[in-house]
Amino acid sequence: MPSGSAQFRGRYINKLDAKKRVSIPAAFRAALAGQPLVLRRSNRLGCIEAWPASLFEASITPITPADVNLEEDDDSFYVNYADTVDATPDSEGRLIMDAKLLEHAGITDSIAFLGKNHIFELWEPSAADAMIEAARARAQARAMTRRQGA
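Residues numbered from 1 in each chain as written. Predicted model: local features only at pLDDT ≥ 70, side-chain atom pairs only at ≥ 80, totals over all residues. Heavy atoms only, no water.

Draft legend 1. The arrangement of the layout of surface pockets in detail. Of the pockets and cavities examined, the largest pocket occupies roughly 320 Å³. What lines the largest pocket is a set of 14 residues, and nearest its centre among them are Leu-114, Glu-121, Met-131, Ile-132 and Ala-135. Secondary structure elements with two or more residues in the lining of the largest pocket: strand 7 (110-116), strand 8 (119-123) and helix 5 (125-149). Looking at which element gives the most residues to the lining of the largest pocket, the answer is helix 5, with 5 residues. (1 Å grid on protein atoms, 1.4 Å probe; cavity = no way out; pocket = protein on both sides within 12 Å on 5 of 7 lines; lining within 4 Å. Points joined across faces, edges and corners; volume = space filled by probe spheres on them. Helix = DSSP H or I, 4+ residues; strand = E, 2+ residues; numbered from the N terminus.)

Given below as structure tokens:
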């Protein structure tokens, strides 16, 4: 993460308006410090990942001619770059959401914002609750297994 950048923490739910705009929670806007976002489908989960643009760009390895000759590399480029949306919050801290991203996450009228360290995720609220509970259960099971093995 670029120096001086804050972490995204917490869980917030905001309504999607008729124009498919949603307000970024104030704590997340403060952490962004005016920086644009890169939105993309999660490769593992039914949510949208929101990356500060500078962090997303810092993670990009330059492409070489050899990279476009392998199917695996092509797949990675399509999944990680072709299916992204650049998003800059408006003066009121709202994002205009992409319809395909909303469909991927099953979002219709409200969005749950989940902090995830240097990025955040956008979820359908009940799916966010289920993910948090499932993650808590998995963490507790791992802790129990470690205690039993000690």
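Draft legend 2. The pairing of strand 3 (residues 37-41), seen in detail. Strand 3 sits mainly inside the fold: 4 of its 5 residues count as buried. Strand direction decides the pairing type here: strand 3 and strand 4 (residues 48-52), joined by 5 bridges, are antiparallel. Bridge pairing links Arg-40 to Glu-49 in strand 4. Following strand 3, the chain reverses through 6 residues before pairing antiparallel with strand 4. As paired elements, strand 3 and strand 5 (residues 84-87) share 4 bridges and run antiparallel to each other. Across the sheet, residue Val-38 finds its bridge partner in strand 5, namely Asp-86. (Buried < 20%, exposed > 50% of the residue type's maximum accessible area, 1.4 Å probe, protein only. Pairing = 2+ DSSP bridges.)

Take it as geometry only, folks, not as evidence of what the structure does.
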